Amino acid sequence: MGSQGGIGQSKEFLDLVKSIGEARSKAEEDRIVIGEIETLKRRLVEPGIPKRKMKEYIIRLVYIEMLGHDASFGYIHAVKMTHDDNLFLKRTGYLAVTLFLNEDHDLIILIVNTIQKDLKSDNFLIVCAALNAVCKLINEETIPAVLPQVVELLGHQKEAVRKKAIMALHRFHQKSPSSVSHLVSNFRKRLCDNDPGVMGATLCPLLDLINRDVSSFKDLVVSFVSILKQVAEHRLPKAYDYHQLPAPFIQIRLLKILALLGSGDKQASEQMYTVVGDIFRKCDSSSNIGNAVIYQCICCVSSIHPNPKLLESAADQIARFLKSDSHNLKYLGIDALGRLIKLSPEIAEQHQLAVIDCLEDPDDTLKRKTFELLHKMTKSSNVEVIVDRMIDYMISINDNHYKTEIVSRCVELAEQFAPSNQWFIQTMNRVFEHAGDLVNIKVAHNLMRLIAEGFGEDDDTAYTHLRSSAVDSYLRIIGAPKLPSVFLQVICWVLGEYGTADGKYSASYITGKLCDVAEAYSNDETVKAYAVTALIKIYAFEIAAGRKVDILPECQSLIEELSASHSTDLQQRAYELQAVISLDAQAVENIMPSDASSKEIEIDKSLPFLNDHVERAIEKGAQPYIPECERSGFSNASYLNSQDLHDVPPPHGLRFEAYELPKQPSVPLTTPPISIGSSNELIAVPEPAYDRGNQAAVSVPSSSNSGPAEVKLRLDGVQKRWGRPTYSSSSPSPSAAPSQDTVNGLTVSNGATSVTPAISKGRETTYEPTRKSQVVEISPEKQKLAASLFGGSSKQERKSSLGGGHKTAAKPSGGHGAETSVKKMAVPAQQPPPPDLLDFGETTVATSGPLIDPFKQLEGLLDMVEPTSSTKNHGDVNATKVPDVMATFGDTATAVEQGGNHFSSIEDVDNLMSGLSSATTDASSGGGIATPQSTAHISKGPNLKNALQKDALVRQMGVNPSSQNPNLFKDLLG
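For clarity, every value in this text was computed on a predicted model and none was experimentally measured.

Here is what the cut-offs are and how they apply
Residues numbered from 1 in each chain as written. Predicted model: local features only at pLDDT ≥ 70, side-chain atom pairs only at ≥ 80, totals over all residues. Heavy atoms only, no water. Helix = DSSP H or I, 4+ residues; strand = E, 2+ residues; numbered from the N terminus. Contact = heavy atoms within 4.5 Å. Areas by Shrake-Rupley, 256 points an atom, 1.4 Å probe, with all protein chains shown as cover. Buried < 20%, exposed > 50% of the residue type's maximum accessible area, 1.4 Å probe, protein only. Arc of directions from axis to C-beta. Phe/Tyr/Trp six-rings, centres within 6.5 Å; stacked < 30°, edge-to-face > 60°. Salt bridge = Lys/Arg side-chain N within 4 Å of Asp/Glu carboxyl O. Expected span 1.5 Å × (residues − 1). Axes fitted to C-alpha atoms, helices over the stretch in contact; angles between N-to-C directions. Parallel < 35°, antiparallel > 145°, perpendicular 65-115°, else oblique. Core = buried A, V, L, I, M, F, W, Y, C linked by side-chain atoms within 4.5 Å. Nonpolar A, V, L, I, M, F, W, Y, C, P; charged D, E, K, R; others polar. Patch = residues over 30% accessible without salt bridge, like charges linked within 9 Å, V, L, I, M, F, W, Y side chains within 5 Å. Lys, Arg positive; Asp, Glu negative; His and termini not counted. Charge placed at Lys NZ, Arg CZ, Asp CG, Glu CD. pLDDT = per-residue confidence, 0-100.

**Digging into the overall build of the protein chain**
Okay, so step 1: In terms of helices and strands, the protein chain carries 42 helices and 4 strands.
Okay, so step 2: Within the protein chain, counting contacts between residues at least 6 apart in sequence, those at least 24 apart form 68% of the total.
Okay, so step 3: Put simply, the protein chain shows about 52,900 Å² of open surface, and 51% of that area lies on carbon and sulfur atoms.

Here you go:
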């Protein structure tokens, strides 16, 4: 931005910087910047701005952008400055562009060509500026445009250019790994570059590549060890030293790479022991950067194959970290200790006092890191102290996110290392009581399952004692105010299952407590639902045991209240409670067995007891049931009946196979007769608005020279079918039918005028409602975090019964009465009614298949015939050539001649028309006639040429279509 002291900048710019620096408030600063923005908007549009002034304006725009204001009005001027030949202006333009734009900005396309040109420049400063812009602005789509030039610069004579080229390729790898996957050998070569800066830059992409695939770079272990040894022995120039430490950042990166390559590989690790030990001894621990290198050495030792001497050196360094007065070094010591206890658990025992000091430190970050360490060190002998400390810390903080983490850790440790059932229940009660609704619902479900199934032991006495302890503790807590909803759900479930199991408490006492809960938390429908279900269980167990059931008044009032509730779920539970009370002991014992919450329920999903019923129904003509997984990929029930249902695999995603051609029966093409006043009068018959997909198979010859210049149309006797159908129409459509018909692309049902949108090619659109998941699951981020925090070597003493060894209650599937899908019955295909050529309503959805236009098929027949070599229309050489229609049906019509001859008899006309109709019908059933002009464009509106041809043909016949042969004109119209 200029030399020091403001030399080269105008006084106006210096005053701007000074005024902003002296602003006493944000509002005053904004006022100054907004005024500067208005000034620059006026200045930048002035013609003939000197380059020196434009450079200053761009710098002022950068200053405005850095203060958080919008300077987008000047972006284009920065882009233009990158095109300048002057080195200083070009570098200023590149600097501004990299600050203004992002890789997805619309102006990026304007500088790609400039970057390509500058990458080939002879001035290495221009090349470096272009490479800087490449690293900032090139996105995945524009990488191929500059990749060849960047690869070529890897051999540039200037080390700065080679270094920036490596950085650009690394950026390409981060954006699109596949674009530089073939350039891995280039990174290997640059690792041996003579310049340490290029070598150090190459370590960055190699670290990413090794993270992806370690095995491919095992052969470089010797090279990395050799480089690290040379760096540690001060063989690099002094310019790379930092606080008298030789190239510490290169050492840190090399140690990270060696930790990856030596993980699980004893042979590779043995090659690293010497150099890592030398760094432990030689590294200066009096500076922060020296401690950073030592910490990285500890991380490397904890990753590679263990070596006793290196572990001892690492333990000594950890002890030094923990004894330091610096919180940063203590943090490093706690983190490093957590890494080493995986290899040597006794190391943590040597530093117990230091860990306790960190646990009591006022630094919250250090305290949280210490809790992570304690979580890894937990075992059955110290679980009580650690969990109690965690719960006390959870109560003292207000960070809900970290509270949730502590709750998860406490629950996990309590499940794995609980010394007694009594302690486990008390610990979980404290967690639920103080964590509130932050406890995940799955924690509550796991607690219910543990109380029901125990801890994987076969001692029934331990089970009974666990449940009794839970009931006792919950009866003491249930009267506390403002208990969390999740905790109340657990309490209600436990009291309902085991409240009267040991006979210590009466049913009346338990039901009274549950009614009090439902009344106290009347706004929480979930709690009320759990309470009512617990009442059902208690009364069912009492009835099954043969004891008399006394309904408390508060329970009766609760049932009456819930029976009239707006919630259908609460109503259903209240009715079920009334029904259970009215049953006898045998029925209740069958439907509600005691202590059956953890028993597995085996259900045969094939429902074999219904086989006889299904076979009888199929014999009577019922359609076989199609499973939902097999029918969800198809949209047509009639298509399913033609397939072997046992051979169709269930779809698991998008289906890319082509649709089958529609199987449509042949239908005679008939249209209602149309009365015409005279055979000499022309009637305009515009083309119907058929689907474009069907129009592509028909060709129409050019009609540029056909017909006279003006044709007077007469519409006498033509039905009024030109406009859209309306609800106020008095006369129904002649093509309408009581059932659903498809007419000219319109779906008309039961004579109504409703119109529905159509889908071409016979596709059907099926709507399936979205099913909401009823299982609350933990987000993937929390699962990953839990997986990274809960691992530890000291947890092998006692495994949680949660992951295995428990009896999992299978969910009962729906029976015959609870169907989850609707059977799709095959409907026999109905022949579609003849299309109405004069119905020009809006195009709508036709779900039966591609529409067939007989009118266009007739035109196709006319086009397929070769035109005559000459015309006899009274010697007019420009007259339109009439196709020889009779030649196509030569076997049927034998008395036709060109040049105005007439048919010999009405019988010949009938024979001709019958042949023409049958040919058209065959074309319709076969999907159309393939003609050489099948891809020609079809013009919209009436075709005067075809109309004149049809009129001439009628004149040749010399008959009155309305009187002698009413089907003749109908067939000619298609």
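**With respect to helix 30 (residues 553–563)**
Okay, so step 1: Regarding helix 30, the residues found buried are Cys555, Leu558, Ile559, Leu562 and Ser563. For helix 30, the arc enclosing every buried residue in end-on projection is 130°, short of the 170-degree limit, so these residues lie on one face. The exposed set on the far side of helix 30, more than 90 degrees from its buried face, consists of Pro553 and Glu560.

**A closer look at the side chain of Ser563**
Okay, so step 1: Among the secondary structure elements, Ser563 is positioned in helix 30.
Okay, so step 2: For Ser563, a relative accessible area of 15% corresponds to the buried category.
Okay, so step 3: Excluding residues within four positions of it along the chain, Ser563 makes contact with Gln571, Ala574, Tyr575 and Gln578.

**Things to note about the packing of aromatic side chains**
Okay, so step 1: Summed over all chains, the structure comprises 9 aromatic pairs.
Okay, so step 2: Taking the centre distance of 4.8 Å and the plane angle of 25° together, the rings of Tyr75 and Phe100 count as stacked. One end of the pair, Tyr75, is in helix 4 (residues 75–81); the other, Phe100, is in helix 5 (residues 87–100), and 25 residues separate them in sequence.
Okay, so step 3: The buried category is assigned to Tyr75, whose relative accessible area is 9%.
Okay, so step 4: Overall, the relative accessible area of 8% leaves Phe100 in the buried class.
Okay, so step 5: The interplanar angle of 35° and the centroid separation of 5.0 Å between the aromatic rings of Phe371 and Tyr393 together place this pair among those described as tilted. Of this pair, Phe371 sits in helix 21 (residues 364–377) while Tyr393 sits in helix 22 (residues 383–396), placing them 22 residues apart in sequence.
Okay, so step 6: Members of the aromatic cluster, joined through ring pairs, are Phe371, Tyr393 and Tyr402.

**Description of the pattern of salt bridges**
Okay, so step 1: Counting across every chain of the model gives 29 salt bridges.
Okay, so step 2: With a closest N to O distance of 3.1 Å, Arg235 and Glu233 form a salt bridge.
Okay, so step 3: On the basis of relative accessible area, Arg235 is assigned to the exposed category, the value being 57%.
Okay, so step 4: Ionic pairing is found between Arg281 and Asp278, a salt bridge with its closest N-O pair at 2.1 Å.

**Considerations on helix 16 (residues 288–303)**
Okay, so step 1: Over its 16 residues, helix 16 runs 23 Å from end to end, which matches the ideal 22 Å to within 8%, given 1.5 Å per residue.
Okay, so step 2: Across the 16 residues that make up helix 16, a large majority, 13, are buried.

**Considerations on the packing of helix 27 (residues 485–498) against helix 29 (residues 525–544)**
Packed helix pairs are characterised by how far apart their axes lie and by the angle those axes make with each other.
Okay, so step 1: Two numbers describe how helix 27 lies on helix 29: the axes approach to 8 Å, and their chain directions differ by 5°. Looking at the two axes, helix 27 sits roughly parallel to helix 29. Of the residues in helix 29, those touching helix 27 at Ser485, Leu488, Gln489, Cys492, Trp493, Leu495, Gly496 and Glu497 are Thr526, Val527, Tyr530, Ala531, Ala534, Lys537, Ile538 and Phe541.

**Regarding the nonpolar core**
Okay, so step 1: Judged by nonpolar contacts, the single largest core of 206 residues is most densely connected at Ile115, Phe172, Phe224 and Val276.
Okay, so step 2: Examining the composition of this core, we find that 11 residues originate from one element, helix 29, more than from any other.
Okay, so step 3: When sequence neighbours within four positions are dropped, the list of residues in contact with Ile115 reads Tyr94, Ala130, Ala133, Val134, Ile138 and Val146.

**Quick notes on the packing of helix 23 (residues 400–417) against helix 24 (residues 421–435)**
Okay, so step 1: It is at 10 Å that the axes of helix 23 and helix 24 come closest, and there the two elements cross at 170°. Comparing the axis directions of helix 23 and helix 24 gives the class roughly antiparallel. Taking contact as the criterion, the partners of Lys403, Val407, Cys410, Val411, Ala414 and Glu415 in helix 23 are, on helix 24, Trp423, Phe424, Thr427, Met428, Val431, His434 and Ala435.
Okay, so step 2: Looking at side-chain class alone, the contact of helix 23 with helix 24 contains 9 nonpolar, 2 polar and 2 charged residues.

**Details of unusual backbone geometry**
Okay, so step 1: Although it is not a glycine, His243 sits at a positive phi angle of roughly 55°.
Okay, so step 2: The backbone of Gln244 shows a phi angle near 60°, a positive value even though the residue is not glycine.
Okay, so step 3: With respect to the secondary-structure elements, Gln244 resides in the loop between strand 1 (241–242) and strand 2 (245–246).
Okay, so step 4: Given a relative accessible area of 73%, Gln244 falls into the exposed group.

**Examining the environment of Lys528**
Okay, so step 1: Considering the arrangement of structural elements, one finds Lys528 in helix 29.
Okay, so step 2: On the basis of relative accessible area, Lys528 is assigned to the buried category, the value being 7%.
Okay, so step 3: Residues within four places of Lys528 in sequence aside, it is in contact with Ala518, Tyr521, Ser522, Glu561, Leu562 and Leu570.

**Description of a nonpolar patch on the surface**
Okay, so step 1: Taken together, the side chains of Ile76, Ile109 and Leu110 make up a nonpolar region of the molecular surface, amounting to roughly 260 Å² of accessible area.
Okay, so step 2: Turning to its location among the elements, Ile76 is positioned in helix 4.
Okay, so step 3: By relative accessible area, which is 31% here, Ile76 ends up partly exposed.

**Considerations on a negative patch on the surface**
Okay, so step 1: A contiguous patch of negative charge, built from Asp516, Glu519, Glu554 and Glu561, is present on the exposed surface.
Okay, so step 2: Put simply, the parts of the chain that give the negative patch at least two residues each are helix 28 (507–520) and helix 30.
Okay, so step 3: You can call Asp516 partly exposed: its relative accessible area is 43%.

**A few points about the environment of Ala319**
Okay, so step 1: Note on placement: Ala319 falls in helix 17 (residues 308–323).
Okay, so step 2: Measuring from C-alpha to C-alpha, the distance between Ala319 and Ile334 comes to 9.7 Å, with 15 residues separating the pair along the chain.

**Regarding the confidence of the model for the protein chain**
Okay, so step 1: With 64% of its residues at a pLDDT of 70 or more, the protein chain has an overall mean of 73.
Okay, so step 2: Within the protein chain, strand 4 (residues 746–748) has the poorest average pLDDT of any element, 39, and helix 13 (residues 248–262) the best, 95.
Okay, so step 3: Below pLDDT 50 for its whole length, residues 633–651 participates in 30 contacts with residues either more than four positions away or in separate chains.
Okay, so step 4: Predicted confidence is poor over residues 667–713, with pLDDT under 50, and the contacts of this stretch with residues over four places away or in other chains come to 103 contacts.

**What to know about the environment of Arg430**
Okay, so step 1: Summarising the element assignment, Arg430 is placed in helix 24.
Okay, so step 2: In this structure Arg430 comes out as partly exposed when scored by relative accessible area, which is 26%.
Okay, so step 3: For the pair Arg430 and Asp388, spaced 42 residues apart in the sequence, the C-alpha separation amounts to 9.6 Å.
Okay, so step 4: With residues near it in sequence (within four places) discarded, Arg430 still touches Asp388, Ile391, Asp392 and Ile395.

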